[in-house]
Amino acid sequence: MDPVRTFLQTFGAPPEVMRFAPGRVNLIGEHTDYNGGYVLPCALSMGVTCLCRRREDRKLRLYSLDFPDDGIIELDASEPELGGRWTDYPAAVVRSLAVFGAPLTGGADLMFKGSVPPGSGLSSSAALEVATGMALSDAFGLGLSGSELARIGQLAENRFIGVNCGIMDQFASALGTPYNAMLLNTQTLEYSFTPIDLSRAVPVIVNSMVKHSLASSAYNDRRRECEAALSALKSRLDKPTLCAYTPEEFESIGGVIADETVYRRARHVISENDRTLKAAEALRENRLNDFGRLMNLSHASLRDDYEVSCPELDFLAETAQNAEGVFGARMTGGGFGGCTVNLVEPDRVESFVGMIRSAYLKRFGVEAKAYI
Ligand code: GLA
């Protein structure tokens, strides 16, 4: 279906702007972004396209080519209801634009077409938020930068959707490019790119088809545990974030954390931050075996210390780690379902995908999907 033609048929006039925002896969650096640490995501070629046309009145009409329900938002309604539907995300972006000091001066018709599988940990919601922000910024001449669009998307999640997420997903969506790993310092928002040499290694994403629910309390629980860890560590050595502590510092003062669970949460975050920096260096130097080893360690730490994996993700990661031609494999994203990311030798990709899909089908009776 041609989205421009559908826009014209639906709204009676052609779109003025059309913008695309990608989903992301995180190569390493999990649950570090709300602890002031490093992350290493990569933008996907899958994403969300938003078509937009300004309106004379103060209405926002929202239409999706993927979901049956559409929506109308009155810009002047004090607190529009958010009701657990896809339209919450663009509605939340419009509200954060106002909080950010860039309120819309009029209404708009918006149409969306997405290709990121929702609930799979590949940031379909961040792509939806960023695509909305990009299209509105262009249509209304708001001149928002990529970093501002990312912060507006994060604000939409934190304040209006009720997910206390970090900045990684929206930042990777707003500023990432496919096949380039983005090393982002989530404390300073400085970032740099390292191209992935596809002649040597191909990132393959395997979808467990277990839908994660980030809004579920587990994510927010982890955040609270990290805050508890930080305040305990601060009593011995005052640093601004959990990721500001080196593994050596943690080794010597970590005992100050009385709660064993909180201790393991901090151990994951601090070691993961260190792994992320080492992995970025390994990627730059094309040391793919080292990169893969760090991915495997990351998975173990997320499974044992951070406890955000699940049997399906463990099975996929462990099966991949033992397969021929795989540098490394780990769960990616917030956890509790979603996808693994695997770094695979190019000429093994096809056999790897066939092997892992059939092993998964045999073990769980579910058809996993793979994205190359
Ligand atoms: C989700 C959040 C991110 C990040 C990851 C875990 O994707 O939206 O901000 O915290 O989980 O690394």
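Let me begin by describing the structure that accompanies this report. (Residues numbered from 1 in each chain as written. Predicted model: local features only at pLDDT ≥ 70, side-chain atom pairs only at ≥ 80, totals over all residues. Heavy atoms only, no water.)

Okay, the site of the ligand next. Near the ligand there are 12 residues, and of these Glu30, His31, Asp33, Asp169 and Tyr219 occur at the shortest range. Within the side chain of glutamate 30, an N or O atom sits 2.7 Å from an oxygen atom of the ligand. Between glycine 334 and the ligand, the recorded distance is 3.5 Å, taken from a backbone N or O atom to an oxygen atom. In the complex, 98% of the free accessible area of the ligand, which totals 310 Å², lies under the protein chains. Class assignment for the residues of the shell around the ligand results in 5 nonpolar, 3 polar and 4 charged. (Near = heavy atom within 4 Å. Polar contact = N/O pair within 3.5 Å; in protein donor to acceptor, adjacent residues only side chain to side chain. Areas by Shrake-Rupley, 256 points an atom, 1.4 Å probe, with all protein chains shown as cover. Nonpolar A, V, L, I, M, F, W, Y, C, P; charged D, E, K, R; others polar.)

The contact between helix H2 (residues 88-99) and helix H3 (residues 124-139) brings their axes to 9 Å, and the two run at 50°. One way to sum up the angle between H2 and H3 is to call them oblique. The handedness of the crossing between H2 and H3 comes out as right-handed. Where H2 approaches H3, its residues Tyr89, Pro90, Val93, Val94 and Leu97 are matched on the opposing element by Ser125, Leu128, Glu129, Thr132, Gly133 and Leu136. Per-class residue counts for the contact of H2 with H3 are 7 nonpolar, 3 polar and 1 charged. (Axes fitted to C-alpha atoms, helices over the stretch in contact; angles between N-to-C directions. Helix = DSSP H or I, 4+ residues; strand = E, 2+ residues; numbered from the N terminus. Parallel < 35°, antiparallel > 145°, perpendicular 65-115°, else oblique. Left-handed = near helix turned anticlockwise from the far one by under 90°. Contact = heavy atoms within 4.5 Å.)

As summarised here, the arrangement of the 4 strands in space is E9-E10-E8-E11, forming an open sheet in which the pairing is antiparallel. The sheet is open, and its two borders are formed by strand E9 (326-332) and strand E11 (369-371), each paired with just one other strand. Put simply, the sheet's adjacent strands are angled 20° from each other on average, direction ignored. Lying over the sheet, helix H9 (residues 288-304) contacts E9 and strand E10 (339-344), oriented at roughly 30° with respect to E9. Its contacts with the sheet place helix H10 (residues 311-321) against strand E8 (202-207), E9 and E10, and it is angled at close to 170° to E9. (Pairing = 2+ DSSP bridges.)

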